[in-house]
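Next come the chains, spelled out residue by residue.
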Amino acid sequence: MKNKTTLPKWFDGTIYDKGDTVTNPFSGDTYELNNLELSMYDLIMGSQMVQKYDLTRKEFNLGVWWILTGLIKKIVIADNCAHWANEMFSNYGSFTSWDLVMGSIFFSFQIYGDFSGYSDIAIGTSKLFGINLKKNFSFPYFSRDIAEFWRRWHISLTTWFRDYLYIPLGGNRGSKWRQVINVSIVFLISGFWHGANWTFLAWGLFNAILFIPILLFKLNRTHLEPITHQGIISSLRDVALVIFTYFLVLHGWILFRSDTIFDAIKYTERMYNRIFEWGFYSGFGIDILIFILIMLCFEWFNRKKDFGLHFPRINWLLPFRWLAYLGIIASIYSYTGEPQVFLYFQF
């Protein structure tokens, strides 16, 4: 009896045996599978990739918009922010308190633009080939608590940690003490996953400390939907929560970016030394701040959409659509920062 190779449960392709004849859906060629080819065929040609795909105009437009969104985040936002973030984290003793505040903000948007930018480019490119990837970042800086932030940040990674580490450890079942241990393990391992440096472990522990009280008081699923306008008081409350959550996340990024824990402490200490002396910001990077604000405006108004660079009508007249493409590409070219390697490639 032939040994059957079953596709993983997330694939819905046909189950094949050694010696079966298969047809390449693109070239039309047929051939017989051996053991190695069987394994590769199961993995590569399963699910979406086994189907022939006719690219429609709508799918092409969506794919291009995803790619342009990613390029703007990476080239315009992340690479420009990296210049100032690198300068200030490397020489924090030479800058004022407000300069260091801006340095931490620049890094927060560097890492966001870098991580979400490559994800958007991958989503858009895949869409052009008929493959639909899930959104990986869902406007995380609009989160109202740290639990919502981790539901919106690097969704593929956090989902993996939830499904293959947190739940097997017991999840939120068992005693409160057990839940604290499970959350701490997940965040410490997620920190270690980014690199063998004490700063990453400290960053993981910092996030665990922020998350545990929310979990213990069962508030971790309070904010499951995007912010909606429900009156002035409710809106002001949500905005205050967003600012406070970003404030907490920002301090985590200082740990994440610093070379050592000592550097993170000294950076934070110097940042608060003269924080109440207004007008002490040197003024560098103003143009980047403007781009960040523009990006945030797009994301805010499109927070219920898939991506920030979303316009009400995707099916514009062809000349206007191509003018929009060219305008965005020209902006990317004009404001390209010093090329930076994707941060994610360093982990």
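As shown above, the structure is provided for reference.
Every value quoted in this text rests on a predicted model; they were computed, and no experiment measured them.

Asks: Please provide a residue-by-residue account of the overall build of the protein, values included.
Replies: Looking only at helices and strands, one finds eleven helices and four strands in the protein. The buried share of the protein, reckoned over its 347 residues, is 46%. A sequence separation of at least 24 residues applies to 69% of the contacts in the protein between residues at least 6 apart. Of the accessible surface of the protein, which amounts to about 19,400 Å², a share of 65% is contributed by carbon and sulfur atoms.

Asks: Could you give an account of the packing of helix H3 (residues 97-128) against helix H10 (residues 286-301), with specific residues and numbers?
Replies: Between H3 and H10, whose axes approach to 12 Å, the crossing angle comes to 50°. It follows from the interaxial angle that H3 and H10 lie oblique. The hand of the H3/H10 crossing is left-handed. On H10, the residues touching Met 102, Phe 106, Phe 109 and Tyr 112 of H3 are Ile 288, Leu 289, Ile 292, Met 295, Leu 296 and Glu 299. Considering only residue class, the contact of H3 with H10 consists of nine nonpolar, no polar and one charged.

Asks: Mind laying out the pattern of salt bridges, listing which residues take part and the relevant values?
Replies: One pass over the structure, following the stated rule, counts ten salt bridges. Its salt-bridge partner being Lys 73, residue Glu 299 comes within 3.8 Å of it at the nearest N-O pair. Of this pair, Glu 299 sits in helix H10 while Lys 73 sits in helix H2 (residues 57-90), and the two are 226 residues apart along the sequence. Since its relative accessible area comes to 5%, Lys 73 is described here as buried. In this structure, the salt-bridge partner of Lys 74 is Asp 79, at a minimum N-O distance of 2.9 Å. The same class applies to Lys 74 as to Asp 79, namely buried. Several salt bridges share partner residues, and in doing so they unite Lys 73, Asp 120 and Glu 299 into one network.

Asks: So, the environment of Val 239: which residues are in play, and what are the values?
Replies: Secondary-structure assignment places Val 239 in helix H8 (residues 232-257). Residues Val 239 and Ile 227, spaced twelve residues apart in sequence, show a C-alpha to C-alpha distance of 9.0 Å.

Asks: For the environment of Phe 161, give the residues involved together with the corresponding values.
Replies: Along the chain, Phe 161 falls in helix H5 (residues 155-169). As for Phe 161 and Ile 189, which are separated by 28 residues in sequence, their C-alpha atoms are 9.1 Å apart. Those residues within four positions of Phe 161 in sequence are excluded, and the remaining contacts are Tyr 166, Val 186, Ile 189, Ser 190 and Trp 193.

Asks: Requested: an account of helix H9 (residues 261-273), with residues and values cited.
Replies: Relative to the 18 Å expected for 13 residues at 1.5 Å per residue, H9 spans 18 Å between its end C-alpha atoms, a close match to the ideal helical length. Considered for burial, the residues of H9 that qualify are Asp 263, Ala 264, Tyr 267 and Met 271. When H9 is viewed along its axis, its buried side chains cluster within an angular range of 100° and face the same direction. Residues Phe 262 and Asn 273 are exposed on H9 and point more than 90 degrees away from its buried face.

Asks: Talk me through the environment of Phe 298; I want residue IDs and the actual numbers.
Replies: When you line up the elements, Phe 298 lands in helix H10. Look at Phe 298 and you get partly exposed, because its relative accessible area is 32%. On a C-alpha basis, the gap between Phe 298 and Gly 308 in space is 5.4 Å, while along the polypeptide they are ten residues apart.

Asks: Give me the packing of aromatic side chains: which residues, what numbers.
Replies: A full pass over the atoms with the stated rule returns 29 aromatic pairs. Taken together, a centroid distance of 6.2 Å and an interplanar angle of 45° make the contact between Phe 115 and Trp 153 tilted. In this pair, Phe 115 is assigned in helix H3 and Trp 153 in the loop between helix H4 (146-152) and H5, connecting sequence segments 38 residues apart. The exposure class of Phe 115 is buried, given its relative accessible area of 1%. Seen from the ring of Trp 300, Arg 303 lies directly overhead, with NZ or CZ sitting 3.9 Å from the centre.

Asks: Report on H5, specifying residues and quantitative values.
Replies: In this model H5 runs 20 Å from its N-terminal to its C-terminal C-alpha over 15 residues, within 8% of the 21 Å that 1.5 Å per residue would give. Along H5, the sharpest change in direction is near 35° and occurs at Arg 162. Phi turns positive one or two residues past the end of H5, at Gly 170, with a value near 125°.

Asks: I'd like a rundown of the packing of H2 against H10, residues and numbers included.
Replies: H10 packs onto H2 with a crossing angle of 135° between their chain directions and a minimal axis gap of 10 Å. Taken together, the axes of H2 and H10 are oblique relative to one another. Between H2 and H10 the crossing geometry is left-handed. Seen from H2, the contacting residues are Lys 73, Val 76, Ile 77, Asn 80 and Cys 81; seen from H10, they are Ile 288, Phe 291, Ile 292, Met 295 and Glu 299. Taken together, the residues of the contact of H2 with H10 break down into seven nonpolar, one polar and two charged.

What counts, and where the lines are drawn
- Residues numbered from 1 in each chain as written.
- Predicted model: local features only at pLDDT ≥ 70, side-chain atom pairs only at ≥ 80, totals over all residues.
- Heavy atoms only, no water.
- Helix = DSSP H or I, 4+ residues; strand = E, 2+ residues; numbered from the N terminus.
- Buried < 20%, exposed > 50% of the residue type's maximum accessible area, 1.4 Å probe, protein only.
- Contact = heavy atoms within 4.5 Å.
- Areas by Shrake-Rupley, 256 points an atom, 1.4 Å probe, with all protein chains shown as cover.
- Axes fitted to C-alpha atoms, helices over the stretch in contact; angles between N-to-C directions.
- Parallel < 35°, antiparallel > 145°, perpendicular 65-115°, else oblique.
- Left-handed = near helix turned anticlockwise from the far one by under 90°.
- Nonpolar A, V, L, I, M, F, W, Y, C, P; charged D, E, K, R; others polar.
- Salt bridge = Lys/Arg side-chain N within 4 Å of Asp/Glu carboxyl O.
- Expected span 1.5 Å × (residues − 1).
- Arc of directions from axis to C-beta.
- Phe/Tyr/Trp six-rings, centres within 6.5 Å; stacked < 30°, edge-to-face > 60°.
- Lys NZ or Arg CZ within 6 Å of the ring centre and 35° of its normal.
- Bend = angle between axes of the 7 residues up to and from the residue.

By themselves, these observations are geometric and do not establish any function.
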